[in-house]
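Listed below are the residues making up each chain.
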There are 2 protein chains.
Amino acid sequence: MLAAGVEAFAERGYHATTTRDIAARAGVSAGALYVHFRSKEELLHAICRRGHERALALVGEAVAGADGPEARLRAYVRTFTSWHAREHLVARVVQDELDALDPEHFAEVAARRRELEHLLRGIVEDGVAAGAFAVDDVPAVALAVLSLGIDVARWSPRSPGRSPEQVGDLYADLAVRMVRA
Amino acid sequence: MLAAGVEAFAERGYHATTTRDIAARAGVSAGALYVHFRSKEELLHAICRRGHERALALVGEAVAGADGPEARLRAYVRTFTSWHAREHLVARVVQDELDALDPEHFAEVAARRRELEHLLRGIVEDGVAAGAFAVDDVPAVALAVLSLGIDVARWSPRSPGRSPEQVGDLYADLAVRMVRA
């Protein structure tokens, strides 16, 4: 049902999709869908929450396995970017439809986004403190690195030919170039 | 009418918007709208065409006034990025709803996008030839620089505090770092 929601929202947008459309796509009755999600917004919330939790878990694991600011930055960007290339439908729904969430659901998802942002800022700040990176405006540069990874979900389906891992490696290099002293 | 279309598409998405919604927003009758645009798709096409023509004209002018690959790259990225921060509603509609265009309109807009891309690739290639830049995969890095500027239209309305010009200058620096030898 989540997969059907992702496909429907990605194809037509949240506001143009009905719970009936999603049930039909999932091959279940509207009643069966309703047992799990009382509204279209609840389904969107489940998609956004899972997407963020998954990205956060993968990035956290990758960073924990790397030593030093440059290796940690590479691990972060490679994992974050390749996730956006691989899960481009989920990622696009999450980015495009955030504003359709109820305020409390939006706040919960925004908290996950801040965790991702703080983890990245910490890596960049450590690199600056160690003299390996030279960055004047850490929040702005961290936002740019995240933005670069996020936008992969928009363009990568239109530009096949590179694997998610290849895009991840290339973007890890670009991120290091963006911050290196 | 174009402005009303941009607002309506940005708020609810193309598929959830009717020509009636747009006419009401513009304060005209559905008949008056129809005189100018025979369909919702024609209005979207006009928005996409104008947006691309405007961005292309501004970037072309900025690059023509700069000397040498680094100055030309800075001029390109500063202009492209600040346009996306300033015209974020138009830019988001253009990016998000491209797939809703008729095939011939899509092809026309795609041609403008290729012009923007080729201009940027040319600058990067000139820099590599001059030894000022070191880039292995010029098309991929040009795409990343464009992607970084485009995604500003998504995040900048949520992160106020920097002017379009400040974001443009910061991104020009980041782009130079991404390619510099």
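Values in this document were obtained by computation on a predicted structure and should not be read as measured data.

A. Just the pattern of salt bridges, in detail. Following the criterion strictly, the structure yields 31 salt bridges over all chains and no others. Between A:Glu117 and A:Arg121 there is a salt bridge, with its nearest N and O atoms 3.2 Å apart. You can see A:Glu117 and its partner A:Arg121 sitting in helix α7 (residues 103–129), four residues apart, about one turn around the helix. Its salt-bridge partner being A:Arg162, residue B:Asp137 comes within 3.1 Å of it at the nearest N-O pair. With B:Asp137 in the loop between α7 (103–129) and α8 (138–150) and A:Arg162 in the loop between α9 (152–155) and α10 (164–179), this pair bridges two chains. Overall, A:Arg162 belongs to the partly exposed group, its relative accessible area being 33%. Taken together, the shared-partner salt bridges connect A:Glu70, A:Arg74, A:Asp173 and A:Arg180 into one network.

B. Geometry of the UniProt feature "DNA-binding region" (unreviewed entry) in chain A. The UniProt record annotates "DNA-binding region" (unreviewed entry) at residues 18–37 of chain A. As a span, residues 18–37 of chain A carries 75% helix and 0% strand, and end to end its C-alpha atoms are 13 Å apart.

C. Quick peek at the relation of the copies chain B and chain A. When chain B is fitted to chain A, the residual RMSD is 0.0 Å, and the transformation amounts to a turn of 180° plus an axial shift of 0.0 Å. Taken together, the turn and the small shift mark the pair as related by a two-fold rotation axis. Looking at the rotation axis and the C-alpha trace of chain B, the residue lying nearest is B:Ala16, at 2.2 Å.

D. Representation of the UniProt feature "domain: HTH tetR-type" (unreviewed entry) in chain A within the structure. Look at the UniProt record and you will see "domain: HTH tetR-type" (unreviewed entry) annotated at residues 1–55 of chain A. A helix fraction of 76% and a strand fraction of 0% characterise residues 1–55 of chain A, whose end C-alpha atoms lie 20 Å from each other.

E. Structural detail: the interface of chain B and chain A. Taken together, the contact between chain B and chain A spans 32 residues of the former and 32 residues of the latter. Carbon and sulfur atoms supply 51% of the area buried between chain B and chain A, which totals about 2900 Å² over both sides. When the area that chain B buries against chain A is broken down by residue, the three leading residues are B:His15, B:Arg158 and B:Arg177, summing to 21%. Counting every contact that joins chain B to chain A gives five salt bridges. The tally of links between chain B and chain A comes to 17 residue pairs in polar contact (both at pLDDT 80 or more).

F. View of the packing of aromatic side chains. Counting across every chain of the model gives six aromatic pairs over all chains. Ring centres 5.2 Å apart and planes at 55° place the aromatic pair A:Phe9 and A:Tyr14 in the tilted group. A:Phe9 sits in the buried class, given a relative accessible area of 2%. Ring centres 5.9 Å apart and planes at 40° place the aromatic pair B:Tyr76 and B:Phe80 in the tilted group. In this pair, B:Tyr76 and B:Phe80 are both assigned in helix α5 (residues 69–86), four residues apart and thus about one turn of the helix distant. Exposure class is identical for B:Tyr76 and B:Phe80. Each is buried. Its end group placed over the ring of A:Tyr14, A:Lys40 keeps NZ or CZ at 4.2 Å from the ring centre.

G. Quick peek at the packing of helix α4 (residues 40–64) of chain A against helix α5 (residues 69–86) of chain A. Residues and elements named next belong to chain A. For the pair α4 and α5, interaxial distance at closest approach is 8 Å and the crossing angle is 150°. With respect to α5, the element α4 is oriented roughly antiparallel. Of the two possible hands of crossing, α4 and α5 adopt the one that is right-handed. Packed against α4, whose contacting residues are Gly51, Arg54, Ala55, Leu58, Val59, Ala62 and Val63, the element α5 presents Arg72, Ala75, Tyr76, Thr79, Phe80 and Trp83 at the interface. Here the residues of the contact of α4 with α5 sort into nine nonpolar, two polar and two charged.

Calculation notes
- Residues numbered from 1 in each chain as written.
- Chains lettered and ligands numbered in written order.
- Predicted model: local features only at pLDDT ≥ 70, side-chain atom pairs only at ≥ 80, totals over all residues.
- Heavy atoms only, no water.
- Salt bridge = Lys/Arg side-chain N within 4 Å of Asp/Glu carboxyl O.
- Helix = DSSP H or I, 4+ residues; strand = E, 2+ residues; numbered from the N terminus.
- Buried < 20%, exposed > 50% of the residue type's maximum accessible area, 1.4 Å probe, protein only.
- UniProt positions renumbered as here; feature names shortened; annotations may be inferred.
- Least-squares fit on C-alpha atoms with pLDDT ≥ 70 in both.
- Contact = heavy atoms within 4.5 Å.
- Buried area = accessible area lost by both parts, 1.4 Å probe.
- Polar contact = N/O pair within 3.5 Å; in protein donor to acceptor, adjacent residues only side chain to side chain.
- Phe/Tyr/Trp six-rings, centres within 6.5 Å; stacked < 30°, edge-to-face > 60°.
- Lys NZ or Arg CZ within 6 Å of the ring centre and 35° of its normal.
- Axes fitted to C-alpha atoms, helices over the stretch in contact; angles between N-to-C directions.
- Parallel < 35°, antiparallel > 145°, perpendicular 65-115°, else oblique.
- Left-handed = near helix turned anticlockwise from the far one by under 90°.
- Nonpolar A, V, L, I, M, F, W, Y, C, P; charged D, E, K, R; others polar.

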